[in-house]
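Listed below, chain by chain, are the residues.
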Amino acid sequence: MATILEESGFNPGADLKIVGTNPVKHDGLDKVLGRAKFGADVYLPGMLYGKIVRSPHAHAKIKSIDISEAIKIPGVKAVITAADFPELPQGSGWGDMSRTTIAHEKVLFDGHPVAAIAAISEQVAKRASKFIKVDYEVLPHVIEVEDAIAEDAPILHEYMRTKGDETAPDVPTNICEKMVSKVGDIDSGFALADYIVENDFDSKPMHQGYIEPQGCIADYSQDGLVELWTCTQAPFVYRDRLSAILKIDAAKINVQQSELGGGFGGKTGFYAEPLAILLSKKANAPVKMTLTRTEVFRGTGPVSGTKSRIKMGCKKNGKIVAAEAELYFQTGPYTGSMYFNAPNAMFTRYDLPNIYIEAYEVVSNRPKVNSFRAPCVPQIVFGVEGLVDDMAKKIGMDPIDFRLKNAAIEGHTTIYGDTWGPVGFVETLEAAKATEHYKTPVKSGEGRGVSCGFWFNRGGETASSMTLAPDGTVTISTGTADVAGSRISIAMMAAEELGIDVDKVRVKMADTNSLGFNRVTAGSRTTFSVGMVVVDNARKCIAELCRRAANEWGVAEEEVKFENGEVKPASSNVGNFIPMSISDITSKTTMTNGAIVSSSSMNVTGAGPGFGVHIVDVKVDEGTGRVDVLRWTVVQDAGKAIHPLQVEGQLQGAAIQGMGWALNEEYIYTQEGKLDNPGFLDYRMPVASDAPMIDCKIVEVPNPLHPFGLRGVGEVPVVPTMAAVGNAITDALGIRPTSLPMSPPKLLDLIENRNTSSS
Amino acid sequence: MDQVRYTAPDTLDAAIALLSDDKADSTIFAGGTDVMVQLHSDLIEPEVIVNVKNIPELTGIKETEGVYTIGAATPIAELQEHRGFCKTWPGVIDGAELIGSVQVKGRSTMVGNLCNASPAADSVPPSIAAGAIVNIAGPDGKRVAAVEDIVLGPRKTSLKKGEIIVSMTFPARSLHSGDAYLRLTPRTEMDIAIVGAAVNLTLDDKGICTAARVALGAVAPKFLLVQECADALIGTKVGKNALDALGKAASNAANPITDKRGTKEYRVKTISVMARRAAERAVKRAREN
Amino acid sequence: MSKAHVTTTVNGDEYEFLCEPQQSLVTVLRDELRLSGTKEGCSTGDCGACSVMMDDRLVCSCLVLAVETDGKHIETIEGMGTAEDLHPLQRRFLEINGLQCGICTPGILIAAKALLKKNPNPSETEIRFWLAGNLCRCTGYDKIIRSVQAAAEDMRKAK
């Protein structure tokens, strides 16, 4: 029998009753009542409070750490340092991860943990932290990419050589990786071009900005079992990584995801958890550890800052013939920035015959970067879509028409080797062109920008189980973390498949003991992948329901069918049997083969790419460089919107995250390499009064490899955002900003340059 | 900070005694929106927290013959609800409104905003422009000071040990007067001013400016009350030339630093723009009165 | 160091607790009274996740000393409604999907309730500026504003 991955059962003409509607989210009630339990909302008997002691230096050797005074403080139950961690070699994957968690030989960023304390109260832990004595040998530090790659740059790791660059000399470097991607022949490509545009762009690191700081509680029992409650996007990944760096068997670690107060990729890697676990072991009590907002900024992973040089060429008729890029990405002190997404995605949506990209990953004295939605791509697309607009303008072509002229369609083979099935880029562009927003003329004094983007969307290892209770209600356990309330969409797909009310289905985030490995919630994979396994589960349960009914009726399995929540004879020839509902069957399972359950674990494939187009109107105050964003429309192909309001929520949230990144969000460092703005006052995320309403248009070009045709939507909508704002500002000012964020002082400088050069 | 004591005296004398005590370092706790942050980040480490919100002299808004006196412990939210004050001093309200969110304004006070002594504080330039004074009580008795004489530099005031500001008094308003405060921030709310400008002026029957006070914030270690800015307006109808002169004078007076919120150059340029716009708004209000 | 003994009313119930003088109200609400619906997002009054009502004033509980709540009335999200009797704001947030991860939701509901008490017919701009002290990173604010507008209309009609 074909698996669901081989035959999804997608039926474009299906009469869907639940999928496509907007039932109230199952997690919603607890959230509006304040009952939902997030990372910091659990309290255990005998619980201690954990506190991290952090480096005040951006780069320093640790000569010694003296904890002897700290452990004497009354109420302190345990103090740990790197000495409590298993030995793992420098320069290895696990060794790097252990050193990110706590500094071993060196501290590599302002805020790098050096010790942790567990005490009977936060106050005692805080007091004790002042008694941890660290003897540092301060070293010169380096923050920005251009400084890190300079000839005489301070080196972070003597052992580091550039992976992927055979020509690089055998000397220590801060460039950890190089990647080259090509399609066709770039030189002949440019030779064909009638117009060539080129520019240098740069972006600063930004933070995911989740409102919930990391919070966890670890309970290391006397028999060596670890229970961990934490806000994570990746319970199974955490478990396996904790197992590796703490050298504890995976089966002895149980990770339970709490409700997640925002992640956006920032909670795909742990910070407090290994420390809380070791403290709990040493203190023989549960340890709760929450990060303060200052710690979140100083110590958790931001998004890569970048430098890029991009060059593109097109013919008079608008066809892009060549695209070239040299890209640099900050990764913090260790590799792992997912920079390879940029070469794979930056031009992907256009059918380009000649591409050449060199991408570099660079270490520097900043916290290790973590993912954000579409890691490493939106800040590069800022440049690409700017140049696309420049080309359209040179030719005098409408910006959307120019993109339509180059749009890739079904059958396109990408730079990373995939060949596409049905995709909706053209449809998304056309829908954007047809929006009220696009058809409304730009007001005088304002500017309009259009931009578009792509995301691969992922599948990956996913597992879930389904149980049918005697009363016919359905419990689903999933292990792919719910970050925005995706469990309602999962329930809807199950309910649709089973022909029952969505209120009869409940989805629970299971702990890691209960299920097979689930990949991280990332790559816009959750609704797609979990939907796949859950529908698979539903089909397996349906098969079993049919089997039991057939058995009871004494007919063959092929002679019954399942429809609208009931098993019935396949035709009147089979016999005059009264249809049986799910509960008719499940209430008798004591007398049949036992409870009806199903389990599904697979490496989900077939995720379909997504595309988005954003239209933004802005007004720039030429006296100060301040930007007001006045109107925003997001158009995106969702394949099939399971829960349209949820999909809209993803689009709108992404738009405003992108707006913040475009205009004001950046990390600011002092001369000493210390973070100068580790708080919401000076790390400027958009507030309600900054944002306009965001109109959404969901396009549906189904992905037939999914039972309901859906495509992931979480990351696509961030990709075009900064470019859309940048293109709007360019339209308003007549001069293009190339540096992110496009903050008022930078724009004022641009305006003055424009005024002096034109006078 | 772990040995800190808390006390809430209900008389002014008791508060002064606590604040004058040489043996214990105390901090005044009114709105607390600055003190709490500083306390928890160990920027301040007092031995005693003195909650002054129960002291009668520090509460309430009183008006006598057009003269407003605001108790030092009055939350901004209460001030915003006082129709009379809002009508008389909209420029001061412009500033007070920008101190922070609704939640912060539910607690923070004008006097706290002043005594925290950040040169970017939003309620201070318009209070200076208004000619407000503060009523101080201390171990040596009572005294009065102009608001512009309180902040000596970042986090430094001219208050002596044991002194506490009891209230802020705003003078009576003449006819055809208007005030305004504008600040420059990248977001629409929740930011600290990059620069701030307050203008308070009075026009005669013919629309000519007869009096003006211009106060600038966030462009120097202390607040600037700039006579040259006032002179640019006095005797004029506050037209383009006067506003240009005002803007130039503001840029000349500015002596800002470069910090995470703005560069020196950016502040010098934009204070001119904000001063002009504040003057335009003040004039509009004056004409309506 | 001795603790302070405080008696305060939270959601109509009288509570007595001991706290250290420098502890904030949000810490005590959560860690002593185990009312964890109020969230701590920043501890500096910049995110609004800790919003509560104190004597009918909207405040950030991270900026209030627990010890000074003696004799006062506090309202938190736990007092706002029940499943059978949701506040119109809660109902509309669910219907219109004005929440995703939900961490900012308690603070926003408390703040929006305070707004509608003061101004039953706020404009979009008034809602946005009132809620400027409540950060949300998931929704982009659009559906939050629409939920508040719809609830405001429900409440006006009910009068």
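This is a predicted model, so every value here is computed, not measured.

Contact with chain A, which involves 20 residues of that partner, is made by 17 residues of chain B. Sorting the residues of the side of chain A that touches chain B by element identifies helix H4 (122–129) and helix H20 (744–758) of chain A as the ones contributing at least two each. The greatest single-element share of the side of chain A that touches chain B, amounting to three residues, is contributed by H20(A).

It is worth spelling out unusual backbone geometry at this point. Residues and elements named next belong to chain A. Residue Leu740 is joined to Pro741 through a cis peptide bond whose omega torsion reads -5°. Looking at the secondary structure, you find Pro741 in the loop between helix H19 (721–733) and H20. The phi dihedral of Lys247 falls on the positive side, at around 55°, and the residue is not glycine. Here Lys247 is to be found in the loop between helix H7 (235–246) and strand S11 (253–257). By the C-beta count within 10 Å, which is 12 here, Lys247 ends up exposed. In this model, Phe264 sits at a positive phi of 55°, which is unusual for a non-glycine residue. Relative to the elements of secondary structure, Phe264 occurs in the loop between S11 and helix H8 (273–283). On the basis of neighbour count, Phe264 is assigned to the buried category, with 29 C-beta atoms found within 10 Å.

Our focus in this paragraph is the packing of helix H11 (residues 378–395) of chain A against H19(A). All names here are of chain A. At a minimum axis separation of 7 Å, H11 and H19 run at an interaxial angle of 40°. One element, H11, and the other, H19, form an angle in the oblique class. Both H11 and H19 take part in a crossing whose hand is right-handed. Residues Pro378, Gln379, Val381, Phe382, Glu385, Gly386 and Asp389 of H11 touch H19, and the partners they reach there are Thr721, Met722, Ala723, Gly726 and Asn727. Considered class by class, the residues forming the contact of H11 with H19 number five nonpolar, five polar and two charged.

Attention now goes to the pairing of strand S9 (residues 215–220) of chain A. Residue and element names in this part refer to chain A. Taken across its six residues, S9 has six buried, putting it largely inside the fold. Alternating positions in S9 separate into two faces, Gly215, Ile217 and Asp219 on one and Cys216, Ala218 and Tyr220 on the other, with burial throughout. As paired elements, S9 and strand S12 (residues 287–290) share four bridges and run antiparallel to each other. Paired with Cys216 across the strands is Met289, a residue of S12. Both S9 and strand S10 (residues 226–230) contribute to a ladder of five bridges, which runs antiparallel. When the bridges of S10 are listed, Tyr220 appears paired with Val226. Adjacent in sequence and paired antiparallel, S9 and S10 are bridged by five residues, among which Gly224 carries a positive phi angle near 85°.

Calculation rules
Residues numbered from 1 in each chain as written. Chains lettered and ligands numbered in written order. Predicted model: local features only at pLDDT ≥ 70, side-chain atom pairs only at ≥ 80, totals over all residues. Contact = placed C-beta atoms within 7 Å. Helix = DSSP H or I, 4+ residues; strand = E, 2+ residues; numbered from the N terminus. Buried ≥ 20, exposed ≤ 12 C-beta atoms within 10 Å, placed from the backbone. Axes fitted to C-alpha atoms, helices over the stretch in contact; angles between N-to-C directions. Parallel < 35°, antiparallel > 145°, perpendicular 65-115°, else oblique. Left-handed = near helix turned anticlockwise from the far one by under 90°. Nonpolar A, V, L, I, M, F, W, Y, C, P; charged D, E, K, R; others polar. Pairing = 2+ DSSP bridges.

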